[in-house]
Amino acid sequence: MRILLTLLLVYIAYPAVAQQENDLGTEAQRAEGKEVYDIKCAHCHGYEGDASAVATPYLRPTPRDFTSGNYKFRSTASGELPTTEDIKRSIRLGMPYTSMPAWEGILSETEITDLAYYLKTFEPAFDGPYGNPTVVEIPRAPSYSADPDHLARGQEIFAANQCADCHGENGRGNGESAPELMDDWGDPIRAADMTKRWTFRAGATREDIYRTFMTGLNGTPMPSYEQTIDAEDRWALVDYVWSLSRDTPDYGTTVTVQGRSGELVLSEGLFEAAPQVYFPIVGQITEPGRAFYPGVNGISVKAVYNNSEIAIQLQWHDMTAETDGMNNPLIEMPMFDPAQPDTTMDGWSDAVAILLPSRTPEGLERPYFMFGDSRFPMSIWYTDLATDSAAVLIGQGSGRIADNGIALERSASYEDGVWTVQFKGPRNQGELTMPEATFVPISFTIWDGFNGERGNKRGLSAWYHLYLEPMETQSAVLPMAKWFLIVLGAELLIVGLVNLRARRRKTA
Amino acid sequence: MNLFVLLAIAAAMVLVQFVVTRWVKLNLLAWMGIWWVALWAAFSYGINPPLPNSIIVLFMAIITIALVAYLSADNEELKQAQESIVRFMVTRQYRVALLIVMFLIPAAVAAWTFASMNEAPQPPSSGRTIHPPPPSSITFQGTSINLTTANNPIRELQHTDEAAFAEHVANGRRIYFENCFYCHGDNMEGAGMFAHGYDPLPANFNDATTIAMLQESYLFWRIAKGAPGLPSESTPWSSAMPAWEDFLTEEEIWEVIIFLYEFTGFEPRAQGMPH
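Residues numbered from 1 in each chain as written. Chains lettered and ligands numbered in written order. Predicted model: local features only at pLDDT ≥ 70, side-chain atom pairs only at ≥ 80, totals over all residues. Heavy atoms only, no water.

1. Points about the overall build of chain B
- Summing up its helical and strand segments, chain B has 10 helices and two strands in all.
- Counting helices and strands in the order they occur from the N terminus, chain B gives α-α-α-α-α-β-β-α-α-α-α-α.
- Taking 2.2 N^0.38 as the reference for a compact globule, 275 residues should give roughly 19 Å; the C-alpha atoms of chain B span a radius of gyration of 29 Å, well beyond that estimate.
- Expressed as lengths along the three principal axes of its C-alpha atoms, the size of chain B is roughly 90 × 40 × 35 Å.
- Among the 275 residues that make up chain B, the fraction classed as buried is 39%.
- Contacts in chain B between residues at least 24 apart in sequence constitute 60% of all its contacts with a sequence separation of at least 6.
- If you sum the accessible surface of chain B, you get close to 15600 Å²; carbon and sulfur atoms cover 64% of it.
- Here chain B contributes 13 positive and 24 negative side-chain charges, whose respective centroids are spaced 23 Å apart. (Helix = DSSP H or I, 4+ residues; strand = E, 2+ residues; numbered from the N terminus. Rg over C-alpha atoms; globule rule 2.2 N^0.38 Å. Buried < 20%, exposed > 50% of the residue type's maximum accessible area, 1.4 Å probe, protein only. Contact = heavy atoms within 4.5 Å. Areas by Shrake-Rupley, 256 points an atom, 1.4 Å probe, with all protein chains shown as cover. Lys, Arg positive; Asp, Glu negative; His and termini not counted. Charge placed at Lys NZ, Arg CZ, Asp CG, Glu CD.)

See below:
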């Protein structure tokens, strides 16, 4: 009984004790933390924690400046410092689709704790009266509800709180003010694309989404909505946001091209039944013009073909459509140099290209995935979206790209954050043929004009495949019946013979 | 290895051996069938990353031959097995079971035919050579470097001038984080922020089969000449590795090599050791 009473007293007294003392770790823990920090973290976050280091200028979003005390991910009220556990969580899980990796499994739990204590030393406020922030309570999430009324309520909350101003009408990160967003340090920052939940920096579970709009992201334009959204509406908003995205990017490797009997007329309906595949787009960082923060991170592809032609539809999310100005894969780009940042960001239009081999490859050989080479040139289906034409260019490497005179049919439209570009060209282009039931290498390049992308400053993909599904697939019924009967016949023969012999033996 | 699956298979086998046999007497054929299924399950589900189907088929063919060989090694056992099959075919009380089996076998073949005709077509697999043999010498920014004899000039400072060595390591660190970590990653595990968009994936330097088993001159070749310098069996057309001779000096490349070893804790393979 006495023990129980003591435990009860400790339990009651505990929060009071915790509130008086800031959780700063021991001298030894902080020293251990520094050891890890200087090896694993300093090259991005700076030896002084001020986000000034060799790698910093190459990264966007910019690595956290710990001397500011502004932490994006927190469980605490907007504007407050994070808890030790919050800092540890960010280290453990990292920030998806940024240069901040998840350190869980690489650093030990002790090392992560030590690091968190060391990070706190960069901001004196951790040692002051604000060092013990108020934690915003996250209730246990009710299970996800796709009830239309519930989601409609969420959408109302989304509209009422002007979420669309930054995140766009349908959450594609293309709101009206999205292009001007800056973080507290004056660096451009993108509003999250809610249709790509896997890129959410503070986590992609429903509790994470709840926490993010309750606490806001310090240092960014994302405020807290704790005061403006009533408790009963919060999960409706969470579920609405949740409903906008699939769970994983589900990256594909092959575009299955479906056969069509009639003429291919470029239109929305042409691709309706064709399967869609999603590929990652990353920065071109192999050659000069290195794009360390490309504007586009993925592309969806559909394709159909008929007897003589192939039509390919590309779709990607883009904050703004740049249809003025110009673009060209031949524009010469200097090496990326932090000392001389790219200042000629204006005047570049959006552009896109489908990259194919210039001849049907035998075996594994294909053009160098940058822009081809002289050994194996590349066929580049290019369109500058400031124009309304498209052409086939022949690439023999960056800077060695020429128009080969084949015109392509093209249609392009931009609506609510999505570019849709459709190409149509002949299936036989000189040495490149696209027979049925074969795999043809394909890759993609996107220039985001808003991001100053042109020439070799671009987003690109690795080599993937097109597969032309045969127009007439052989029915499996006949071969199945054939094999069934052959095996059954063999069985009957064996069993029959065995029985015959057994009977003979018996009679004998 | 998928330890959980392998343990489950082993446990099932133990269960059959010591528990099931108390009630049911298993003859040799049943035992062979159980072994066959257990091994098939182990190959199909117990190994990570999964084996290609063609390899599993090959393994199972070998196992089938081995089991038949085992059976035919002993005349008595062979005869017993033969008799039990014949008994199954001629005895009246097994008639229903026999009919079921006689239906199931062709049905399985038909199902297999259906599955193989409806299989998603597979793109040609790359079968890429990861560490191709290096050339004996390369031309680096106009001068010839003999790769069989070249040593990292910074390596000797490790013991003679620690301060100078540390400075080179620091420089290597700067070069790595200005140029390499977007693909090869913060922790050199080949999981940088752009790694998911490239094929082949960037090399993982923490893996014992990369820099730990290579000479420093080999790394020099790979860094200096990048993807364009690969032989065709290593698919130079798809690797995103730049030819760093266009951007870095000879000393900078040696420095970043030193840093890779310092950071991962590996030692380079000494010059002159056979492959």
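After that view, the rundown keeps rolling.
2. Considerations on the nonpolar core
- Within the largest apolar cluster, 63 residues are counted, with the highest numbers of intra-cluster contacts made by Ile 380 of chain A together with Tyr 176, Tyr 182, Tyr 198 and Phe 220 of chain B.
- Residue contributions to this core peak at nine residues, all from helix α10 (residues 250-264) of chain B.
- Excluding anything up to four places from it in sequence, Tyr 198 of chain B contacts Val 282, Gly 283, Gln 284, Ile 285, Phe 369, Leu 460 and Ala 462 of chain A together with Cys 183 and Ala 240 of chain B.
- Formed by 35 residues, the second largest nonpolar core is a distinct cluster that contains Phe 279, Ile 281, Ile 299 and Leu 314 of chain A. (Core = buried A, V, L, I, M, F, W, Y, C linked by side-chain atoms within 4.5 Å.)

3. Here's the deal with helix α8 (residues 206-215) of chain A
Residues and elements named next belong to chain A.
- Extensive coverage of α8 is indicated by the burial of nine of its 10 residues.
- Within the span of α8, buried status applies to Arg 206, Asp 208, Ile 209, Tyr 210, Arg 211, Thr 212, Phe 213, Met 214 and Thr 215.
- Lining the buried residues of α8 we find α4 (84-93) and α9 (231-243).
- Gly 216 sits one or two residues past α8 and shows a positive phi near 70°.

4. Focus on empty space enclosed by the protein
All names here are of chain A.
- Counted by the stated rule, this structure contains three cavities of 30 Å³ or more.
- Put simply, the largest cavity is a space of about 470 Å³.
- Residue assignment for the lining of the largest cavity shows that the elements contributing at least two residues are α2 (27-40), α3 (42-45), α4 and α5 (109-120).
- The class makeup of the residues in the lining of the largest cavity is 17 nonpolar, six polar and five charged. (1 Å grid on protein atoms, 1.4 Å probe; cavity = no way out; pocket = protein on both sides within 12 Å on 5 of 7 lines; lining within 4 Å. Points joined across faces, edges and corners; volume = space filled by probe spheres on them. Nonpolar A, V, L, I, M, F, W, Y, C, P; charged D, E, K, R; others polar.)

5. Regarding the packing of helix α4 (residues 75-90) of chain B against helix α5 (residues 95-117) of chain B
Residue and element names in this part refer to chain B.
- At their nearest, the axes of α4 and α5 sit 7 Å apart, and the two run at 100° to each other. In terms of axis orientation, α4 runs roughly perpendicular to α5. Facing Phe 88, Met 89 and Val 90 of α4, the residues of α5 in contact are Arg 95, Ala 97, Leu 98 and Val 101.
- Of the residues in the contact of α4 with α5, the class split is six nonpolar, no polar and one charged. (Axes fitted to C-alpha atoms, helices over the stretch in contact; angles between N-to-C directions. Parallel < 35°, antiparallel > 145°, perpendicular 65-115°, else oblique.)

6. Thoughts on the packing of aromatic side chains
- Counted according to the given criterion, the structure contains 41 aromatic pairs over all chains.
- Ring centres of Trp 198 of chain A and Tyr 278 of chain A lie 6.3 Å apart, and the angle between their planes is 65°; this geometry places the pair in the edge-to-face category. Taken together, the positions of Trp 198 of chain A in the loop between α7 (163-167) and α8 and Tyr 278 of chain A in strand β2 (residues 277-280) put the pair 80 residues apart, joining distant regions of the chain.
- A relative accessible area of 11% means that Trp 198 of chain A is categorised as buried.
- For the pair Tyr 218 of chain B and Trp 221 of chain B, a centre-to-centre distance of 5.4 Å together with 85° between the ring planes defines the contact as edge-to-face. A residue pair is termed a helical-turn pair when its members lie 3 or 4 positions apart in one helix, as Tyr 218 of chain B and Trp 221 of chain B do in helix α9 (residues 216-225) at three residues. (Phe/Tyr/Trp six-rings, centres within 6.5 Å; stacked < 30°, edge-to-face > 60°.)

7. A word on the layout of surface pockets
Residues and elements named next belong to chain B.
- One number sums up the size of the second largest pocket: a volume of about 910 Å³.
- Lining of the second largest pocket is provided by 37 residues; of these, His 184, Leu 201, Pro 202, Ala 203 and Met 241 occupy positions nearest its centre.
- Among the elements of the structure, α8 (181-184), α9 and α10 are those that each provide at least two residues to the lining of the second largest pocket.
- No other element matches α9, which puts four residues into the lining of the second largest pocket.
- Partitioning the lining of the second largest pocket into residue classes produces 25 nonpolar, eight polar and four charged.

8. Comments concerning the environment of Ala 55 of chain A
- Topologically, Ala 55 of chain A is positioned in the loop between α3 and α4.
- Residue classification places Ala 55 of chain A among the buried positions, given a relative accessible area of 0%.
- For the pair Ala 55 of chain A and His 43 of chain A, spaced 12 residues apart in the sequence, the C-alpha separation amounts to 5.9 Å.
- The contacts of Ala 55 of chain A, once residues within four sequence positions are left out, are His 43 and Cys 44 of chain A together with Phe 177, Phe 181 and Tyr 182 of chain B.

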